[in-house]
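Here is what each chain is made of, one letter per residue.
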Amino acid sequence: MSNILEVKDLCKTYIINKRQNNVLKNVSFSISEGEMVAIMGPSGSGKSTLLYNVSGMDSFTAGSVRFCGNELSGFTESELSDLRLDKMGFIFQQMYMLKNLTIFDNILLPSLQSKSNTKSRKEKVEYAQSLMRRLGIIDIADNDINEVSGGQLQRACICRSMINSPKMIFADEPTGALNRTTSDEVMDELAKLNADGTTIMLVTHDVKVAAKCSRVMFLVDGNISGEYNLEKWNADSQLRDRERTLSNWLMEMGW
Ligand SMILES: Nc1ncnc2c1ncn2[C@@H]1O[C@H](COP(=O)(O)OP(=O)(O)O)[C@@H](O)[C@H]1O
Ligand SMILES: [Mg+2]
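Now for a description of the structure that goes with this document. (Residues numbered from 1 in each chain as written. Chains lettered and ligands numbered in written order. Predicted model: local features only at pLDDT ≥ 70, side-chain atom pairs only at ≥ 80, totals over all residues. Heavy atoms only, no water.)

## Some points on the packing of helix α5 (residues 150–162) against helix α6 (residues 180–195)
Two measures define how a pair of helices packs: the angle their axes make with one another and the distance between the axes.
Part 1 of the reasoning: Close contact between α5 and α6 brings their axes to 10 Å; oriented N to C, the two are set at 10°. With respect to each other, α5 and α6 are oriented roughly parallel. Of the residues in α6, those touching α5 at G151, Q154, R155, I158 and M162 are T182, E185, V186, L190 and L193.
Part 2 of the reasoning: Class assignment of the residues belonging to the contact of α5 with α6 gives a composition of 5 nonpolar, 3 polar and 2 charged. (Axes fitted to C-alpha atoms, helices over the stretch in contact; angles between N-to-C directions. Helix = DSSP H or I, 4+ residues; strand = E, 2+ residues; numbered from the N terminus. Parallel < 35°, antiparallel > 145°, perpendicular 65-115°, else oblique. Contact = heavy atoms within 4.5 Å. Nonpolar A, V, L, I, M, F, W, Y, C, P; charged D, E, K, R; others polar.)

Below is the structure:
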């Protein structure tokens, strides 16, 4: 499998009141097409910063990030914005849904904005509907975003992240605000997407979430201090074992 993401010596430094905060310190890793990778680590270790910087949401201080073979720092702002729209999907906790649009229109919008999505408007509408049906939220299509539950909103975010059939989805604690049952359901949807070929990189604090991924990277103080490979998850029966071995490893890592 070829690498969809190649990160080399990535550094990110914030400067606040003339004080330097080196948040990412020479981070290097690759993700191959089709992987589902979890980033874990203590609060403040730089997980969100890493996600923003490798997905072109923020500009890094030094190093190299290649996405589908293209160096991100070589892109203009508008090229980056097209890349994010066409090739990447985002599921973030502060969900960035537009308050003046219905759930359906929020999901549809990125496909109308995309220059490279060649579907007709009718096809885009039908695809948005089919995604909503698949995620079990078609009945809230016409609701405002403040008229739905957290789980429904998170599912809507997944639909929106998929609308342009991205090559890779980036998710920052996608289940962080959800109860156990809803979290499991959302994770199962992400795992299905991954089984259909979408590469996924997600940040999580939840061992049960990470146990459904194929690899876990542990970030401490802006460095990857270890990584753990799991087989691809395909049956619930293995879940307990996966959680147990992963928990043991996390404890060794100082979790
Ligand atoms: N926009 C920002 N400006 C300045 N400092 C930031 C910014 N975003 C994050 N940081 C700092 O970077 C560090 C890592 O933050 P973050 O990536 O959010 O960690 P995590 O997601 O692992 O909890 C923290 O010290 C945080 O204060
Ligand atoms: Mg974070």
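After that view of the structure, there is still more to cover.
## Thoughts on the pattern of salt bridges
Part 1 of the reasoning: Throughout the structure, instances matching the rule amount to 16 salt bridges.
Part 2 of the reasoning: Ionic pairing is found between R180 and D206, a salt bridge with its closest N-O pair at 3.0 Å. Here the residue R180 occupies a position in helix α6, and D206 occupies one in the loop between β8 (199–203) and α7 (207–210), the gap between them amounting to 26 residues.
Part 3 of the reasoning: In this structure R180 comes out as partly exposed when scored by relative accessible area, which is 34%.
Part 4 of the reasoning: The salt bridge partner of E243 is K208, with a shortest N-O separation of 3.4 Å. With E243 in helix α8 (residues 239–252) and K208 in helix α7, the pair connects residues that are 35 residues apart, well separated along the chain. (Salt bridge = Lys/Arg side-chain N within 4 Å of Asp/Glu carboxyl O. Buried < 20%, exposed > 50% of the residue type's maximum accessible area, 1.4 Å probe, protein only.)

## Some words on the site of ligand 1
Part 1 of the reasoning: The immediate surroundings of ligand 1 are formed by Y14, I16, N21, V23, P42, S43, G44, S45, G46, K47, S48 and T49.
Part 2 of the reasoning: Within the side chain of K47, one N or O atom sits 2.8 Å away from an oxygen atom of ligand 1.
Part 3 of the reasoning: Taking S48, its side chain carries an N or O atom lying 2.9 Å from an oxygen atom of ligand 1.
Part 4 of the reasoning: Surface burial for ligand 1 is 61%, taken as the share of its 560 Å² of free accessible area covered by protein chains.
Part 5 of the reasoning: Those elements that provide at least two residues to the shell around ligand 1 are β1 (3–16), β2 (19–32) and α1 (47–54).
Part 6 of the reasoning: Looking at the shell around ligand 1, the element that brings in the most residues is α1, giving 3 residues. (Near = heavy atom within 4 Å. Polar contact = N/O pair within 3.5 Å; in protein donor to acceptor, adjacent residues only side chain to side chain. Areas by Shrake-Rupley, 256 points an atom, 1.4 Å probe, with all protein chains shown as cover.)

Scope: geometric values only; no functional claims are made or implied.
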